[in-house]
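Chain by chain, the residues run as shown.
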Amino acid sequence: MVAVMKDAEPFSFEGNDVGVLVVHGFTGSTQSMRYLGEGLHKRFGFSVTAPRLPGHGTSPDDMETTGYLDWVGEAERALRELAKRRKQVFVTGLSMGGALTLNLAARCSDIVGAIAPIAAPAGILSEAIADVLSLNPAPKRIPGIGSDIKAPGVKELAYEETPVACLREISVLISLTKDLLHRVVCPTLVIQSREDHIVPAANAMEIVKTIRSDDIRLLWLNNSYHVATLDNDKDLIVERVGAFFTEMAKAVPARKAA
């Protein structure tokens, strides 16, 4: 058993019959999603579940023992468990959590009623990441990518180092999810900061032009960086995601809980 850092634990809030899966990002933790999760529960009454992805919220050494199949697997497990208890299920996620949100929407369209990916990578990497992935031999670790936040004094609970082996793993996840984007047909609210130093803003347009939903909305954030769920626009995100899912709960036919 590995020790989980304080505030990196999975969390859940029981609410109404609308379930929302909330997924954190690469090398980050559930801490980055708690404000959003609590807001969706308290302000809109949703039942919220936020899993801790394998290798996250523990240590870089632990993370190196995991890969994209572990992260996808845990997100899908949490999704299916939530679907057993709620008639409607929506998904939102930050960064890699946004990529997992798109992945789940593409592969589990019978479960996912609507999605709100936030700063989700869709195949366009930063030059810095592309450079590292091209190195041979590559370093074992690079400096951490957490806390890209505009608001002063706000810190994300994320690793100070990034295992390069896991950087390769997320590149595979992003690539295969990009190949599945055309299978995303549920209503989608894409959220992206105009100034993002981790996931280039062009990814938002890549998602918008590739998915096949009849209801695609795009929210640009003007006062946040990458970790927007902790940044200056965090309340805007809660309100817009909450309102979107509320609207979809009325418009999308409810499933029979498994």
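Residues numbered from 1 in each chain as written. Predicted model: local features only at pLDDT ≥ 70, side-chain atom pairs only at ≥ 80, totals over all residues. Heavy atoms only, no water.

## Observations regarding the overall build of the chain
For step 1, the next point in the chain: Across its full length, the chain holds 8 helices and 9 strands.
For step 2, the next point in the chain: Scaling as 2.2 N^0.38, a compact globule of 258 residues should have a C-alpha radius of gyration of about 18 Å, and the chain matches this with 17 Å.
For step 3, the next point in the chain: Along the first, second and third principal axes, the C-alpha set of the chain runs to 50 × 40 × 35 Å.
For step 4, the next point in the chain: Of the side chains in the chain, 28 bear a positive and 31 a negative charge, and the two mean positions are spaced by 6 Å. (Helix = DSSP H or I, 4+ residues; strand = E, 2+ residues; numbered from the N terminus. Rg over C-alpha atoms; globule rule 2.2 N^0.38 Å. Lys, Arg positive; Asp, Glu negative; His and termini not counted. Charge placed at Lys NZ, Arg CZ, Asp CG, Glu CD.)

## Notes on the nonpolar core
For step 1, the next point in the chain: Grouped together as the largest cluster of nonpolar side chains are 45 residues, with contacts concentrated most on Trp-71 and Leu-79.
For step 2, the next point in the chain: Put simply, the parts of the chain that give this core at least two residues each are β2 (18-23), α3 (68-85), β4 (88-94), α4 (96-107), β5 (112-118), α5 (127-134), α6 (164-180) and α7 (202-210).
For step 3, the next point in the chain: Sort the elements by how many residues they give to this core and α3 lands first, with 8 residues.
For step 4, the next point in the chain: Those residues within four positions of Trp-71 in sequence are excluded, and the remaining contacts are Phe-26, Leu-53, Pro-54, His-56, Met-63, Thr-66, Met-96, Leu-100, Cys-166, Glu-169 and Ile-170.
For step 5, the next point in the chain: Counting 33 residues, the second largest nonpolar core, distinct from the first, contains Phe-11, Phe-90, Ala-228 and Ile-237. (Core = buried A, V, L, I, M, F, W, Y, C linked by side-chain atoms within 4.5 Å. Buried < 20%, exposed > 50% of the residue type's maximum accessible area, 1.4 Å probe, protein only. Contact = heavy atoms within 4.5 Å.)

## Quick notes on the pattern of salt bridges
Two side chains carrying opposite charge are able to pair once their charged atoms lie near each other.
For step 1, the next point in the chain: For the structure shown, the criterion picks out 18 salt bridges.
For step 2, the next point in the chain: Between Arg-34 and Glu-38 there is a salt bridge; the shortest N-O distance is 3.7 Å. Taken together, the residues span about one helical turn, with Arg-34 and Glu-38 both in helix α1 (residues 31-44) at a distance of 4 residues.
For step 3, the next point in the chain: We classify Arg-34 as partly exposed; its relative accessible area is 27%.
For step 4, the next point in the chain: Assessed through its relative accessible area of 25%, Glu-38 is described here as partly exposed.
For step 5, the next point in the chain: Of the charged contacts in the structure, one is a salt bridge between Arg-141 and Asp-61, with a shortest N-O distance of 2.6 Å. (Salt bridge = Lys/Arg side-chain N within 4 Å of Asp/Glu carboxyl O.)

## Some details on the packing of aromatic side chains
For step 1, the next point in the chain: Counted by the stated rule, this structure contains 5 aromatic pairs.
For step 2, the next point in the chain: Judged by centre distance (5.4 Å) and plane angle (40°), the rings of Phe-11 and Phe-13 are tilted. As far as burial versus exposure is concerned, Phe-11 and Phe-13 are alike and both buried.
For step 3, the next point in the chain: The structure contains a cluster of three or more aromatic residues connected by ring pairs, namely Phe-90, Phe-244 and Phe-245.
For step 4, the next point in the chain: Residue placement shows Lys-234 over the ring face of Tyr-35; its charged tip is 4.4 Å from the ring centre. (Phe/Tyr/Trp six-rings, centres within 6.5 Å; stacked < 30°, edge-to-face > 60°. Lys NZ or Arg CZ within 6 Å of the ring centre and 35° of its normal.)

## What about the environment of Glu-14?
For step 1, the next point in the chain: Structurally, Glu-14 is set in the loop between β1 (11-13) and β2.
For step 2, the next point in the chain: Contact partners of Glu-14, with chain neighbours within four places excluded, come to His-41, Ser-47, Arg-85 and Arg-86.

## Brief notes about α4
Since one α-helical turn is 3.6 residues long, residues separated by three or four positions face the same way.
For step 1, the next point in the chain: Here α4 is 12 residues long and its end C-alpha atoms lie 16 Å apart, about the 16 Å a rise of 1.5 Å per residue gives.
For step 2, the next point in the chain: Within α4, 11 of the 12 residues are buried, which leaves the element mostly enclosed by the surrounding structure.
For step 3, the next point in the chain: For α4, every residue scored as buried is listed here: Met-96, Gly-97, Gly-98, Ala-99, Leu-100, Thr-101, Leu-102, Asn-103, Leu-104, Ala-105 and Ala-106. (Expected span 1.5 Å × (residues − 1).)

## Looking at the state of the cysteines
Simply put, disulfide is the name for a covalent bond between the sulfur atoms of two cysteines.
For step 1, the next point in the chain: Applying the stated criterion across every chain, the model contains 0 disulfides.
For step 2, the next point in the chain: Cys-186 provides the cysteine sulfur closest to Cys-108, a residue in no disulfide bond, and the two sulfurs are 11 Å apart. (Disulfide = S-S within 2.5 Å.)

## Structural notes on the pairing of strand β8 (residues 188-193)
For step 1, the next point in the chain: Along β8, 6 of the 6 residues are buried, which leaves the element largely enclosed by surrounding structure.
For step 2, the next point in the chain: Alternating positions in β8 separate into two faces, Thr-188, Val-190 and Gln-192 on one and Leu-189, Ile-191 and Ser-193 on the other, with burial throughout.
For step 3, the next point in the chain: Here β5 runs beside β8; their pairing, made up of 2 bridges, is parallel. Along β8, the bridge assignment pairs Ile-115 with Thr-188.
For step 4, the next point in the chain: Pairing geometry for β8 and strand β9 (residues 216-221), over 6 bridges, is parallel. Considered in β9, the bridge of Gln-192 is made with Trp-220.
For step 5, the next point in the chain: Handedness of the crossover is the feature at issue here: the chain leaves β8, passes through α7, returns alongside β9, and the resulting connection is right-handed. (Pairing = 2+ DSSP bridges. Right-handed = clockwise from strand over helix to strand, strands pointing away.)

## Concerning the packing of α3 against α6
For step 1, the next point in the chain: Direction vectors running N to C along α3 and α6 enclose 55°, while the axes themselves pass 8 Å from each other. One way to sum up the angle between α3 and α6 is to call them oblique. Together, Tyr-68, Trp-71 and Val-72 of α3 and Cys-166, Glu-169, Ile-170, Val-172, Leu-173 and Leu-176 of α6 make up the contact between the two elements.
For step 2, the next point in the chain: Here the residues of the contact of α3 with α6 sort into 8 nonpolar, no polar and 1 charged. (Axes fitted to C-alpha atoms, helices over the stretch in contact; angles between N-to-C directions. Parallel < 35°, antiparallel > 145°, perpendicular 65-115°, else oblique. Nonpolar A, V, L, I, M, F, W, Y, C, P; charged D, E, K, R; others polar.)

These figures capture arrangement, not role.
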